Amino acid sequence: MKKLTPNGAFRKLAAIYDAMVSRYVESAQVIGLTCDDCAENCCLTFFQHHTYVEWAYLWEGLAALPPERLEAVRQRAHEYVEQAREALSRGLRPRVMCPLNLDREQGLCGLYDHRLMICRMHGVPNELVRPDGRRVSFPGCQRCQGLTEGLRAGGHAVPVVDRTPLYKELAALEMRFVGANLRRLPKVDHTIAEMIVLGPPRLK
Ligand code: SF4
Ligand code: SF4
């Protein structure tokens, strides 16, 4: 399979992200979910991410930030990694604000167009059939779970976004982006903060 240029891969990734957002919006509308005045900022949730192509795209966005802003993000990323390590060493799930959430008061993403897959899907119920056939279900965020309980109690169906086709597209894109080295490279299993601290991914 022909290897993609970074720009070609980023265009395809942006299209996958757009498809995710459309499905999210359709589902959120049916459920009645909005993020307005949400007290539970999901940018505090501990997530790890698993593709080189998303990591590289994140860095495409980071590289375009003004130098002083990038430095502030880097500093926060280092703090995040330390705090997360400390929580994990005590057997706790870290709850630290993502270093890209630049306006902690408002809870706004500082790199919205480059945010990763899970940032776009977290709120609504979704499911995924893994390559080994295992089906994994995610109930959506706390606010969403409250709304879906109400829908079910009223006898209404709750939409569940099937992430599987998008996940397959992302996996195929990862292969075309990294190329034959993918089998030899370490598995990606990083928080956004780790991706920032480590710098852009090395693909050789
Ligand atoms: S996705 Fe859910 S938890 Fe996250 S900000 Fe929106 S309503 Fe709040
Ligand atoms: S990348 Fe943006 S949306 Fe995702 S966790 Fe960080 S601040 Fe939140």
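Named according to an unreviewed UniProt entry, the protein chain is YkgJ family cysteine cluster protein originating from Pseudodesulfovibrio alkaliphilus.

**Concerning the packing of helix α2 (residues 52-63) against helix α6 (residues 164-178)**
Packing of α2 against α6 brings their axes to within 8 Å, and their N-to-C directions diverge by 70°. Comparing their axes, α6 and α2 come out roughly perpendicular. Listed contacts from α6 to Tyr-52, Val-53, Glu-54 and Ala-56 of α2 are Leu-170, Leu-173, Glu-174, Phe-177 and Val-178. Taken together, the residues of the contact of α2 with α6 sort by class into seven nonpolar, no polar and two charged.

**Comments concerning the packing of aromatic side chains**
According to the stated counting rule, one finds four aromatic pairs in the structure shown. Judged by centre distance (6.1 Å) and plane angle (40°), the ring pair of Phe-10 and Phe-177 falls under tilted. A residue pair is termed long-range when its members are at least 10 positions apart, and Phe-10 in helix α1 (residues 6-31) and Phe-177 in helix α6 qualify at 167 residues. You'll find Phe-10 and Phe-177 in the same group, each marked buried.

**Focus on the side chain of Glu-54**
Looking at the element boundaries, Glu-54 is found in helix α2. Summary of buried charges: Glu-54 has no salt-bridge partner, and the nearest side chain of opposite charge, Arg-120, is 6.2 Å away. The contact partners of Glu-54, leaving out residues within four places of it in the chain, are Leu-13, Tyr-17, Leu-116, Met-117 and Leu-170.

**Description of the site of ligand 1**
For ligand 1, the full set of nearby residues is Tyr-24, Leu-33, Thr-34, Cys-35, Cys-38, Glu-40, Cys-42, Gly-123, Cys-141 and Arg-143. Residues that form the shell around ligand 1 fall into these classes: six nonpolar, two polar and two charged.

**Concerning the pattern of salt bridges**
Counted according to the given criterion, the structure contains three salt bridges. Among the ionic pairs, Arg-85 bridges to Glu-82, the shortest N-O distance being 3.1 Å. Here the residue Arg-85 and the residue Glu-82 both occupy positions in helix α3 (residues 67-89), the gap between them amounting to three residues, near one helical turn. The class of Glu-82 is partly exposed, set by a relative accessible area of 47%.

**Digging into the pairing of strand β1 (residues 126-129)**
Two strands pair when backbone bridges link them, and β1 and strand β2 (residues 135-138) are joined in this way by four bridges, in the antiparallel orientation. Note that in β2 the partner of Glu-127 across the bridge is Ser-137. Hairpin geometry of β1 and β2 is characterised by an intervening segment of five residues between the two adjacent antiparallel strands and by a positive phi of about 95° at Gly-133. In the sheet, β1 pairs with strand β3 (residues 161-162) via two bridges, with the strands oriented parallel. Across the sheet, residue Glu-127 finds its bridge partner in β3, namely Asp-162.

**Observations concerning α2**
In this model, α2 (twelve residues) spans 16 Å end to end at C-alpha, consistent with the 16 Å of a helix rising 1.5 Å per residue. Across the twelve residues of α2, ten count as buried, placing the element largely inside the fold. Looking at the packing, one finds that the buried side of α2 touches α1, α3, α4 (117-121), α6 and α7 (192-198).

Cut-offs used in this document
Residues numbered from 1 in each chain as written. Chains lettered and ligands numbered in written order. Predicted model: local features only at pLDDT ≥ 70, side-chain atom pairs only at ≥ 80, totals over all residues. Heavy atoms only, no water. Axes fitted to C-alpha atoms, helices over the stretch in contact; angles between N-to-C directions. Helix = DSSP H or I, 4+ residues; strand = E, 2+ residues; numbered from the N terminus. Parallel < 35°, antiparallel > 145°, perpendicular 65-115°, else oblique. Contact = heavy atoms within 4.5 Å. Nonpolar A, V, L, I, M, F, W, Y, C, P; charged D, E, K, R; others polar. Phe/Tyr/Trp six-rings, centres within 6.5 Å; stacked < 30°, edge-to-face > 60°. Buried < 20%, exposed > 50% of the residue type's maximum accessible area, 1.4 Å probe, protein only. Lys, Arg positive; Asp, Glu negative; His and termini not counted. Salt bridge = Lys/Arg side-chain N within 4 Å of Asp/Glu carboxyl O. Near = heavy atom within 4 Å. Pairing = 2+ DSSP bridges. Expected span 1.5 Å × (residues − 1).

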